[in-house]
Amino acid sequence: MTEEDRREETTATAGVEAPAEGREQAGEAEVEILRDELRRAQERLEGLQREAEESRDRFLRARAEFDNYRRRMEAELAREREAGMDSMVIPVLNVYDDLERALEAATAAGLEGPFVTGVRAVRDSLLRQLDALGITPVGLKGEPFDPELHEALAAVPAGPDAADGTIVQVYSAGFVKGERLVRPAKVVVAKDGA
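Residues numbered from 1 in each chain as written. Predicted model: local features only at pLDDT ≥ 70, side-chain atom pairs only at ≥ 80, totals over all residues. Heavy atoms only, no water.

Engineer: It is not clear to me how the overall build of the protein chain should be interpreted in this structure. Could you clarify?
Structural biologist: Along the protein chain, the regular secondary structure elements total 2 helices and 6 strands. Expressed as a percentage of the 194 residues in the protein chain, the buried residues total 18%. Look at the contacts in the protein chain between residues 6 or more apart in sequence, and 62% of them connect residues 24 or more apart. Here the protein chain displays about 14100 Å² of accessible surface, and carbon together with sulfur accounts for 56% of that area. (Helix = DSSP H or I, 4+ residues; strand = E, 2+ residues; numbered from the N terminus. Buried < 20%, exposed > 50% of the residue type's maximum accessible area, 1.4 Å probe, protein only. Contact = heavy atoms within 4.5 Å. Areas by Shrake-Rupley, 256 points an atom, 1.4 Å probe, with all protein chains shown as cover.)

Engineer: Sorry if this is basic, but what is going on with the sheet that holds strand 6 (residues 185-191) here?
Structural biologist: Note on sheets: strands pair through backbone hydrogen bonds, and any given pair is parallel or antiparallel. Spatially, the 3 strands line up as an open sheet ordered 2-6-3, and their pairing is mixed. A single partner strand is all that each edge strand has here, and the edge strands are strand 2 (150-157) and strand 3 (167-172). Across this sheet, the average inter-strand angle for adjacent strands is 25°, counted without regard to direction. Across 7 bridges, the pairing between strand 2 and strand 6 is parallel. Looking at strand 6, one finds that Pro-157 is bridged to Lys-191. (Pairing = 2+ DSSP bridges. Axes fitted to C-alpha atoms, helices over the stretch in contact; angles between N-to-C directions.)

Engineer: Would you explain the layout of surface pockets in this entry?
Structural biologist: To find the voids left in a structure, one rolls a probe of water-molecule size over its atoms. Roughly 260 Å³ of internal volume is contained in the largest pocket. For the lining of the largest pocket, the elements supplying multiple residues, two or more each, are helix 1 (3-108) and strand 3. Within the lining of the largest pocket, the residues separate by chemical class into 6 nonpolar, 3 polar and 5 charged. (1 Å grid on protein atoms, 1.4 Å probe; cavity = no way out; pocket = protein on both sides within 12 Å on 5 of 7 lines; lining within 4 Å. Points joined across faces, edges and corners; volume = space filled by probe spheres on them. Nonpolar A, V, L, I, M, F, W, Y, C, P; charged D, E, K, R; others polar.)

Engineer: Any chance you could explain helix 2 (residues 114-132) here in plain terms?
Structural biologist: Turn by turn, an α-helix covers 3.6 residues, leaving residues three or four places apart pointing in a common direction. Counted at 1.5 Å a residue, the expected span for helix 2 with its 19 residues is 27 Å, and the 27 Å between its end C-alpha atoms agrees. Residues Val-116, Val-119, Arg-123, Leu-126 and Leu-130 constitute the buried set of helix 2. Angularly, the buried residues of helix 2 cover 85° about the axis, an arc narrow enough to put them on a single face. Facing away from the buried side of helix 2 by more than 90 degrees, the exposed set consists of Pro-114, Arg-128, Gln-129 and Ala-132. Once helix 2 ends, the next one or two residues include Gly-134, with phi positive near 85°. (Expected span 1.5 Å × (residues − 1). Arc of directions from axis to C-beta.)

Engineer: Explain the pattern of salt bridges to me, please; I cannot follow it from the model alone.
Structural biologist: One side chain can pair with another of opposite charge once the charged atoms of both are near each other. Summed over the entire model, instances satisfying the criterion amount to 14 salt bridges. Across the pair Asp-36 and Arg-39 runs a salt bridge, and its minimum N-O distance is 2.2 Å. Placement of both Asp-36 and Arg-39 in helix 1 is noted, with a separation of 3 residues, approximately one turn of the helix. According to the relative accessible area criterion, Asp-36 is partly exposed, its value standing at 26%. In this structure Arg-39 comes out as partly exposed when scored by relative accessible area, which is 38%. (Salt bridge = Lys/Arg side-chain N within 4 Å of Asp/Glu carboxyl O.)

Engineer: Teacher, can you tell me more about the sheet that holds strand 4 (residues 174-177) here?
Structural biologist: If you trace the 3 strands from one edge of the open sheet to the other, you get 1-4-5, paired in antiparallel fashion. Each edge of the open sheet is held by one strand with a lone partner, namely strand 1 (135-138) and strand 5 (180-183). Adjacent strand axes in the sheet meet at a mean angle of 35°, parallel and antiparallel pairs treated alike. Relative to strand 4, strand 1 is paired through 4 bridges, and the arrangement is antiparallel. For Ile-135, the partnering residue across the bridge sits in strand 4 and is Lys-177.

Engineer: What should I look at first to understand the nonpolar core in this one?
Structural biologist: A general tendency of soluble globular proteins is for nonpolar side chains to be buried together. Membership of the largest hydrophobic core comes to 14 residues, with the highest contact counts inside it found for Val-89, Leu-93, Tyr-96, Leu-126, Leu-130, Ile-135 and Phe-175. Those elements that provide at least two residues to this core are helix 1 and helix 2. At 6 residues, the largest contribution of residues to this core is made by helix 1. The contacts of Leu-126, once residues within four sequence positions are left out, are Val-92, Tyr-96 and Leu-99. (Core = buried A, V, L, I, M, F, W, Y, C linked by side-chain atoms within 4.5 Å.)

Structure (structure tokens):
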């Protein structure tokens, strides 16, 4: 091989090697660019995932707060409904008291007849109507005194006819609806040492 041939081969090899090195450097630069883009995309994905989780947490909190608000409003509405019913029923309970007093007076006077029977029927009908509404009387003579249900107007000495802590006289009956007191009974209670 001549010197000239060697030069051509070196030039050809150098020409081939130079572009290969350039391609390799370009490939490495492209890989770096892609790695950088991938890293930014991963960071963006992580940021979006955090935002989505925060939004989910806010949504769950807001939903729980709304559920609590709805339950509070339902309970308040039920209380208001009950209070409205009480305000409607209390005047009727006063009529019941008047009917009871009329019957007591008739019994004390020894009266009996169609008028007394009619008053008793009206009172019993009123009790049935109240019972249909779930309202029942409390504070009857002989019952044990309960400060949650009864209002003691006076105390009298306990004796053979009245045990200690029992109701001996009812001025006005009390009424409950389920566990809720609509109106306390006004009573006189037998008490030892009174």
